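# Residue-level structure breakdown
So you can see what is in the structure, the chains are spelled out below.
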Amino acid sequence: MNANLPGLNLLHIKDWPLNGDLIPILRSLPSLETLIISTSLDVASFRAFLPMDANETSGLKQTSGEGQTLALLCPKLRSVQIEDQDPSVKPELIHILKDIVTLRAAYGSPLKNFTVFDFWTEPGSENELIERDENFPMENIVLDEESDEELDEESDKEICEESKGFKLDI
Amino acid sequence: MLVCRRWNSIILSTPGIHSQVTIRRATQKEVVQAFIHGRKSRLDVTVDINDEKDGSDFNAESFLACFMAMAEGASRWSSLRLISPPPHGDHKALQILQPLERLKVINVARGFGGFIEQLITAISNSSSPNLTTVVLADPVAVLYLVQPAGLHITHSLTTLKIQLSKRTDVPVDILPHFHRLEIFEARHLCLPFYLPDAPLPLTYTLQSLYLKSVSVQWMAGHVFPAIRTCNIISPHHVDIIQALQPVTMPSCFDFTYHSNNLHPLTRFHLPSLQMLNVKCGQWNVWRGNPQLAALCPLVASEAKTLTSLILDIECSEQLLVYMLSLVPALEILELRLARPNALSTAFFQAFIVRELNDDSASDIVGSPSQAIAPLCPLLDSLRLHYRRWLRSPDNKALIVALAGIVASRVNSILDLELSFDGPLDSFGTHWSIHGPVRKPQNLGRADLILGIETPHGTIPVSLPSVPYLYVPIPLPFEEADYLRLCRSRSRSGSLEFRFTHDHTEMMIAYDYDPPRPTSLPCALPLFSALRVLVVERADPSFLAGHTFHKLERCRVVESRNPYGVSPTLFTETKMPLCTRVDVDDPYLLATFKLPQVHELALNFQI
């Protein structure tokens, strides 16, 4: 990947390997605000979003009182969308997403939710929204064609008719 | 296709089924004999000695043996096409001994004239000739047709095409001898002068007439009740028609007339006319205006039925507006023009549908009432062909005016096509101009889209398909704001852009094409001006080494070279202002210099 992208604030990753390591990518994107990943991720891949020390050890694995200074990759990250992922299949995913949002908040991260799209389990697309609060509920939103158009007009982003996935507007 | 032996045997023994056989340089007598004797079917025979794909040397003795073997089945010949003759007149020894009693079609190319006597004699020997179609390109053969032996076959003909490359020296008095002729085509045929009361039975039977550089004097005063299509190109003796009685074609719906003198058109009565194609070779407006004026009475009299009009006349805008106002039912209009400023943007604005309170019509040709009621309100196809389009500084302004026509006709779909002389025109393809849109990529399938940005949106100018061959495709603008290349998956080859003299050309290059210069391409005005670039299913190698100074958004997807990374891709491509990029090749992205990029989509499947 082109390493000279310090001003990048939106990244859409397509065909990312299931257990691929996101850390090298995210490390080079200090200004990133929106991340869209069009493939499902292994739960382990989400550790890249956790606060981590200089050795890239995530905050979850550290014992308290170690005194290590933790930092965030992509500290400006506000929105993460993951397409083609069914959270109900992997309950542990919910827990790590909650940890990510909670731990990042402690470091002033603006990330407040993960949006997970699952286009394949039912006709039409299904949007499961995970909020940052104590109950961490999941909200199902069924997208129809009209809502696609609204999304396209409002956000200047394009939902591809064929794949129902995100497509950068060119 | 494979079939069982029994079915094969049935086919070969069925007389009514046709078999095609061709004698070329390499054809062997034994093969012909086996073919003739191995079946009872009717034979469609072709002689084509100059076939470029046939690398063998000509052997006169072998050719004669082949033809004579073929002639053993002459009574079963259904058609005979003599495409290219043997060299040195080596066909004079050919003989046809059997009567050609089943022959329906003969096609005699130039160079076979000496053989026509043999042919006509063999046909005449049949008790009742079945010959219906004759195509002659040899002047000797044409002259033989009016000899006593030839006249024997003219009575049965329904189709006659005489395609001479230059005018015959002597008149050929052929017209009185056709009693069943339905299709008559003649080029450069010299006809005698016929008296007005001369009996010409073909006038009652003709359905299709095509005359090029042929006298039309014989048509004066006649009614052609069955003619449906008529093409008259560069007619001779038109003054006779102008002075004598009119020509009446009550069933003719498709009429073409190309001549420097259009005044004889006033003598044609065409009450069923639907499609009219008129070309006048007068070279300036001053000389062309009287010709267009001569056309007006015909157009006005057939205004209710006329739906298609093709005009190629140098004339004034005011006169053209007047004439078009006479045909409100027009659905298809094609204007063939010398140069982009032949008709002004104000002329084209007369086609724009406007509201009554629209005060922007002040620059429109004609009276205000004409402007409010647009020209040709039922138009669904407007085609503009320019003989010279390039080197014009204001052609972009013209495109904006044309897009305004499309955009204004919200209640109908108007196809607006643009073409100009050049290699693309020879492929019969054209540019389509659309109304302003927010996203040109939503236009649908088109190999190439150029876009011009306006305050109302981007005006897309699209090319439905890029020719598959290695031909330069001149782009209609030196600069554009938007470029989208999206080729079908089945095609390969790399793309090239180059600036030649005064315009940009695009080409598709293949491995077998001539080697190209290895140095980096020069700076292209098109690339410097682009703000949006989309490349889908096309080799992106052409980007290498270029700087896209104004590019803001870029997509290069489904363009990965299946044979590996092209070495040229290691050359940097600079996009200093680009903020949004969508690529599916990390290697390609690595060659992009993107100091301002803010949004990126990237496919990591390598």
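Note that the coordinates shown come from a computational prediction; the quantities given were computed from them, not determined experimentally.

Another aspect to go through is the overall build of chain A. Across its full length, chain A holds three helices and eight strands. Traced from its N-terminal end to its C-terminal end, chain A shows the element sequence β-α-β-β-α-β-β-β-α-β-β. A burial count over chain A gives 30% of its 170 residues as buried. Counting contacts in chain A only where the partners sit at least 6 residues apart, residues at least 24 apart contribute 57% of the total.

Further remarks concern helix 13 (residues 395-408) of chain B. All names here are of chain B. Taking 1.5 Å as the rise per residue, helix 13 with 14 residues should run 20 Å; its terminal C-alpha atoms sit 20 Å apart, in good agreement. Regarding helix 13, the residues found buried are Leu398, Ile399, Leu402, Ala403, Gly404, Ile405 and Val406. Those residues of helix 13 that are buried are in contact with helix 11 (345-349), strand 17 (415-420), strand 18 (431-433), strand 19 (448-454) and strand 20 (457-463).

All names here are of chain B. Parsing chain B into structural domains produces domain 1 (253-421) and domain 2 (442-602). Counting residues at the interface gives nine residues for domain 1, matched by nine residues for domain 2. Per-element tally for the side of domain 1 that touches domain 2: the top contributor is helix 13, with five residues. When its residues are assigned to classes, the side of domain 1 that touches domain 2 shows six nonpolar, one polar and two charged.

Here we take up the nonpolar core. Counting residues in each nonpolar core, the largest one holds 200 residues, and the members touching the most others are Val108(B), Ile433(B), Leu530(B), Leu533(B) and Leu600(B). Both domains that furnish three or more residues to this core are identified here as domain 1 (253-421) and domain 2 (442-602) of chain B. Setting aside its immediate chain neighbours within four residues, Leu600(B) contacts Leu5(A), Leu8(A), Leu10(A), Leu11(A), His12(A) and Val581(B).

The next subject is the environment of Val437(B). With respect to the helices and strands, the residue Val437(B) is situated in the loop between strand 18 and strand 19. C-alpha of Val437(B) to C-alpha of Leu265(B): the two residues are 172 residues apart in sequence and 44 Å apart in space.

A few words on helix 10 (residues 317-325) of chain B. Considered for burial, the residues of helix 10 of chain B that qualify are Leu320(B), Val321(B), Met323(B) and Leu324(B). Taken end-on, helix 10 of chain B shows its buried residues confined to a sector of 165°, consistent with a single buried face.

With that settled, the discussion passes to the packing of helix 2 (residues 29-37) of chain B against helix 3 (residues 60-71) of chain B. Residues and elements named next belong to chain B. The contact between helix 2 and helix 3 brings their axes to 8 Å, and the two run at 5°. Judged by the angle between their axes, helix 2 and helix 3 are roughly parallel. From helix 2, Lys29, Val32, Gln33 and Ile36 reach across to helix 3, where they touch Ser62, Ala65, Cys66, Ala69 and Met70.

Here we come to the packing of helix 9 (residues 285-301) of chain B against helix 10 of chain B. Residues and elements named next belong to chain B. The geometry of helix 9 relative to helix 10 is characterised by a closest axis approach of 10 Å and an angle of 10° between their N-to-C directions. Considering their axes alone, helix 9 and helix 10 lie roughly parallel with respect to each other. Of the residues in helix 10, those touching helix 9 at Asn289, Leu292, Ala293, Cys296 and Val299 are Leu319, Leu320 and Met323.

Conventions used here
- Residues numbered from 1 in each chain as written.
- Chains lettered and ligands numbered in written order.
- Predicted model: local features only at pLDDT ≥ 70, side-chain atom pairs only at ≥ 80, totals over all residues.
- Helix = DSSP H or I, 4+ residues; strand = E, 2+ residues; numbered from the N terminus.
- Buried ≥ 20, exposed ≤ 12 C-beta atoms within 10 Å, placed from the backbone.
- Contact = placed C-beta atoms within 7 Å.
- Expected span 1.5 Å × (residues − 1).
- Domains from an automatic or database assignment.
- Nonpolar A, V, L, I, M, F, W, Y, C, P; charged D, E, K, R; others polar.
- Core = buried A, V, L, I, M, F, W, Y, C linked by C-beta atoms within 7 Å.
- Arc of directions from axis to C-beta.
- Axes fitted to C-alpha atoms, helices over the stretch in contact; angles between N-to-C directions.
- Parallel < 35°, antiparallel > 145°, perpendicular 65-115°, else oblique.

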